[in-house]
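Here are the chains, one letter per residue:
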Amino acid sequence: MRPTTPWSDVFDLLHPALGQTLYMVGVATLFATAFGIPLGVLLHVTAPGGLRPVPALHRVLGTVVDFGRSLPFIVLIVLLQQVVTRPLIGTSIGPTAAIVPLAIGAVPFLGRLVQSALREVDATVVEAAITTGASRTRIVRSVLLGESAPALVSAVGVTAVTLVGFSAMAGVVGGEGLGDLAIRYGYQRYDDRVLWSTVIVLGALAMLIQLLFDVTSRLIDRRRRVTA
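For the structure given in this document, a descriptive report is provided here. Everything numeric here is computed off the predicted structure, so don't read it as measured data. (Residues numbered from 1 in each chain as written. Predicted model: local features only at pLDDT ≥ 70, side-chain atom pairs only at ≥ 80, totals over all residues. Heavy atoms only, no water.)

1. Focus: the overall build of the protein
Next, step 1: Each helix and strand counted, the protein has nine helices and zero strands in total.
Next, step 2: In sequence order, the protein lays out its α and β elements as α-α-α-α-α-α-α-α-α.
Next, step 3: Dimensions of the protein, computed from the C-alpha atoms along their principal axes, are close to 75 × 40 × 25 Å.
Next, step 4: Within the protein, buried positions represent 41% of all 228 residues.
Next, step 5: Here the protein has roughly 12400 Å² of accessible surface; of this, 66% comes from carbon and sulfur atoms.
Next, step 6: On the protein, the mean spot of the 18 positive side-chain charges and the mean spot of the 13 negative ones are 8 Å from each other. (Helix = DSSP H or I, 4+ residues; strand = E, 2+ residues; numbered from the N terminus. Buried < 20%, exposed > 50% of the residue type's maximum accessible area, 1.4 Å probe, protein only. Areas by Shrake-Rupley, 256 points an atom, 1.4 Å probe, with all protein chains shown as cover. Lys, Arg positive; Asp, Glu negative; His and termini not counted. Charge placed at Lys NZ, Arg CZ, Asp CG, Glu CD.)

Following this line, the structure appears as structure tokens:
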């Protein structure tokens, strides 16, 4: 029977694994935000009835986004390892390499959330901006993004929490982090103490991230209402 891992050793294992997971999730969230929000705006603006309807482009973008969202993340990692990750990073294992599929997988997910948030903006506010002669760029920046700011923050938060789960799956194929720790030390070595400790840390991390983004969203919404 395998001896139980001392708690001091469990904490020593959790510390670097947590840092790797935070690194992967943090950087991937930044990339997903940088590309996902413009993608969502483009989906909204080019849709029928949007500020600049382009049906053909909208259909192509929608198809690509839906295809990207439909792929299981573990399959996406395997598909990108040799084609994108290795040529771009120089390796297909490790936290940095895992960021590539994490970001690529999160962009279409966030793009749809952003599109949904923009749909909730009151049409009369947009129409009022149009009648004043505001440019499309100004309407997008000041009206669409401004009015939906709390929802956009919440969308990024949901994406970050989703990336915590994705990062755990990345551990299965050498992504390291908490997922790798749970699989290699907890599951494969039948170490329940390591396995459950990792599960608890992952759950706590997801809840903390969600709480931070919820609080930020409420603060932005409160300030927006006071300003209005």
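2. Regarding the side chain of Thr-159
Next, step 1: With respect to the helices and strands, Thr-159 occurs in helix α7 (residues 149-170).
Next, step 2: Once residues lying within four places of it in the same chain are set aside, the contact partners of Thr-159 are Ala-32, Ala-106, Phe-109, Leu-110 and Leu-113. (Contact = heavy atoms within 4.5 Å.)

3. Quick notes on the nonpolar core
The tendency in soluble globular proteins is for nonpolar side chains to be buried as a group.
Next, step 1: The biggest cluster of nonpolar side chains holds 45 residues, and the ones touching the most others in it are Leu-51, Phe-73, Leu-102, Val-126, Leu-144 and Leu-163.
Next, step 2: Put simply, the parts of the chain that give this core at least two residues each are α1 (7-45), α3 (73-89), α4 (95-119), α5 (123-131), α6 (136-147), α7, α8 (177-187) and α9 (192-227).
Next, step 3: Among the elements that line this core, the one with the most residues is α1, at 10 residues.
Next, step 4: Filtering out sequence-adjacent residues up to four positions away, Phe-73 remains in contact with Pro-101, Leu-102, Phe-166, Met-169 and Ala-170.
Next, step 5: Counting five residues, the second-largest nonpolar core is a separate cluster that includes Leu-39, Leu-61, Val-65 and Val-107. (Core = buried A, V, L, I, M, F, W, Y, C linked by side-chain atoms within 4.5 Å.)

4. Description of the side chain of Thr-85
Next, step 1: Note that Thr-85 resides in helix α3.
Next, step 2: Assessed through its relative accessible area of 2%, Thr-85 is described here as buried.
Next, step 3: Ignoring any residue separated from it by four or fewer positions in sequence, one finds Thr-85 in contact with Leu-80, Gly-90, Thr-91, Ser-92, Ala-97, Val-100 and Pro-101.

5. Observations regarding the environment of Leu-145
Next, step 1: In this structure, Leu-145 sits in helix α6.
Next, step 2: Using a relative accessible area of 25% as the deciding quantity, one classes Leu-145 as partly exposed.
Next, step 3: A sequence separation of 108 residues divides Leu-145 from Ile-37, and the C-alpha atoms of the two residues are 9.4 Å apart.
Next, step 4: The residues contacting Leu-145, other than those within four sequence positions of it, are Ile-37, Val-41, Leu-118, Val-140 and Leu-152.

6. Some points on empty space enclosed by the protein
Next, step 1: All chains considered together, the criterion is met by one cavity of 30 Å³ or more.
Next, step 2: In this structure, the largest cavity occupies an estimated 60 Å³ of space.
Next, step 3: Looking at the lining of the largest cavity, the elements with two or more residues in it are α3 and α4.
Next, step 4: Partitioned by chemical class, the residues of the lining of the largest cavity number seven nonpolar, six polar and no charged. (1 Å grid on protein atoms, 1.4 Å probe; cavity = no way out; pocket = protein on both sides within 12 Å on 5 of 7 lines; lining within 4 Å. Points joined across faces, edges and corners; volume = space filled by probe spheres on them. Nonpolar A, V, L, I, M, F, W, Y, C, P; charged D, E, K, R; others polar.)

Function cannot be inferred from these measures alone, as they are strictly geometric.
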